[in-house]
Amino acid sequence: MKVAFGIGVAVLACGAAFAQGAPRSVWDGVYSAEQAARGKTAYDGSCAKCHGESLAGAEMAPALSGASFLDNWNGIPVADLVERIRTTMPADNPGSLSRRAATDIAAYILSANQVPAGSADLPGDAQIQGMFRIDARKPGQ
Ligand code: HEC
């Protein structure tokens with residue numbers, strides 16, 4: 001009984017902490033149009049040769065837009081997508097991108113998936129990016 005009570009309190013305390021740094025959806029406008037434009041330039045230079053100019057994928061490289069891409073990343077913080085790009089891509093030169101560049105490219109990928117821009121850049125900080133969740137579809141729709 002005592003143990004169960006303790007767990008209950010811990011869950012409640014966790015819930016409160018969670019609410020403070022409440023995760024936001026990428027659909028809330030988490031990047032700027034200017035940032036996505038910078039990301040497009042970087043994408044065209046480093047990624048398009050494998051993933052295609054329209055992000056549709058080609059041969060071995062999967063699509064970075066469309067339902068299957070979004071379903072892959074559904075519920076995952078945008079920080080993980082940035083980290084995936086920064087540490088493993090471009091596949092022919094991994095680790096060559098700065099966190100800033102990988103963040104701009106992630107913003108471009110969001111824009112190409114019809115996720116709307118907001119007024120400010122997506123910050124490069126991994127902890128802040130961790131609070132923004134990729135949802136395959138706009139929440140509530
Ligand atoms: C030389 C070809 C090549 C280049 C250049 C390249 N990629 Fe990839 N990418 C791949 C391949 C192949 C995979 C799948 C295998 C893997 O995960 O490594 C992949 C996987 C990915 C994934 C995971 C997709 C998913 O849904 O899980 C992302 C995101 C990605 N690439 C982004 C990028 C970005 C952004 C760039 C440019 C900075 C880039 N790639 C450049 C070949 C490439």
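Placed above this text is the structure.
What counts and how
- Residues numbered from 1 in each chain as written.
- Predicted model: local features only at pLDDT ≥ 70, side-chain atom pairs only at ≥ 80, totals over all residues.
- Heavy atoms only, no water.
- Near = heavy atom within 4 Å.
- Polar contact = N/O pair within 3.5 Å; in protein donor to acceptor, adjacent residues only side chain to side chain.
- Helix = DSSP H or I, 4+ residues; strand = E, 2+ residues; numbered from the N terminus.
- Nonpolar A, V, L, I, M, F, W, Y, C, P; charged D, E, K, R; others polar.
- Buried < 20%, exposed > 50% of the residue type's maximum accessible area, 1.4 Å probe, protein only.
- Phe/Tyr/Trp six-rings, centres within 6.5 Å; stacked < 30°, edge-to-face > 60°.
- Contact = heavy atoms within 4.5 Å.

K.L.:
Could you give an account of the site of the ligand, naming the residues involved and the relevant values?
P.N.:
Close to the ligand lie 21 residues, the nearest being Cys47, Cys50, His51, Arg84 and Met89. Side-chain polar atom of Asn72 to an oxygen atom of the ligand: 3.0 Å apart, as the coordinates give it. Contributing elements (two or more residues each) for the shell around the ligand: helix H3 (48–51), helix H4 (67–73) and helix H5 (78–88). In the shell around the ligand, the residues fall into 15 nonpolar, 3 polar and 3 charged.

K.L.:
Outline the side chain of His51, supporting the account with residue identities and numerical values.
P.N.:
Within the secondary structure, His51 is located in helix H3. Under the relative-accessibility criterion, His51 is labelled buried at 10%.

K.L.:
How would you explain the packing of aromatic side chains if you had to name every residue and give the values?
P.N.:
Applying the stated criterion across every chain, the model contains 2 aromatic pairs. For the pair Tyr43 and Tyr108, a centre-to-centre distance of 5.5 Å together with 55° between the ring planes defines the contact as tilted. In this pair, Tyr43 sits in helix H2 (residues 33–46) while Tyr108 sits in helix H6 (residues 99–112), placing the two residues 65 residues apart along the sequence. Tyr108 matches Tyr43 in its accessibility class, with the two residues each being buried.

K.L.:
Kindly report on the side chain of Thr103, identifying the contributing residues and their values.
P.N.:
Within the fold, Thr103 resides in helix H6. Using a relative accessible area of 0% as the deciding quantity, one classes Thr103 as buried. With sequence-adjacent residues up to four places away left out, Thr103 is seen in contact with Gln35, Val82, Leu122, Pro123, Gly124 and Gln129.

These results come straight from atomic positions and should not be treated as a statement about function.
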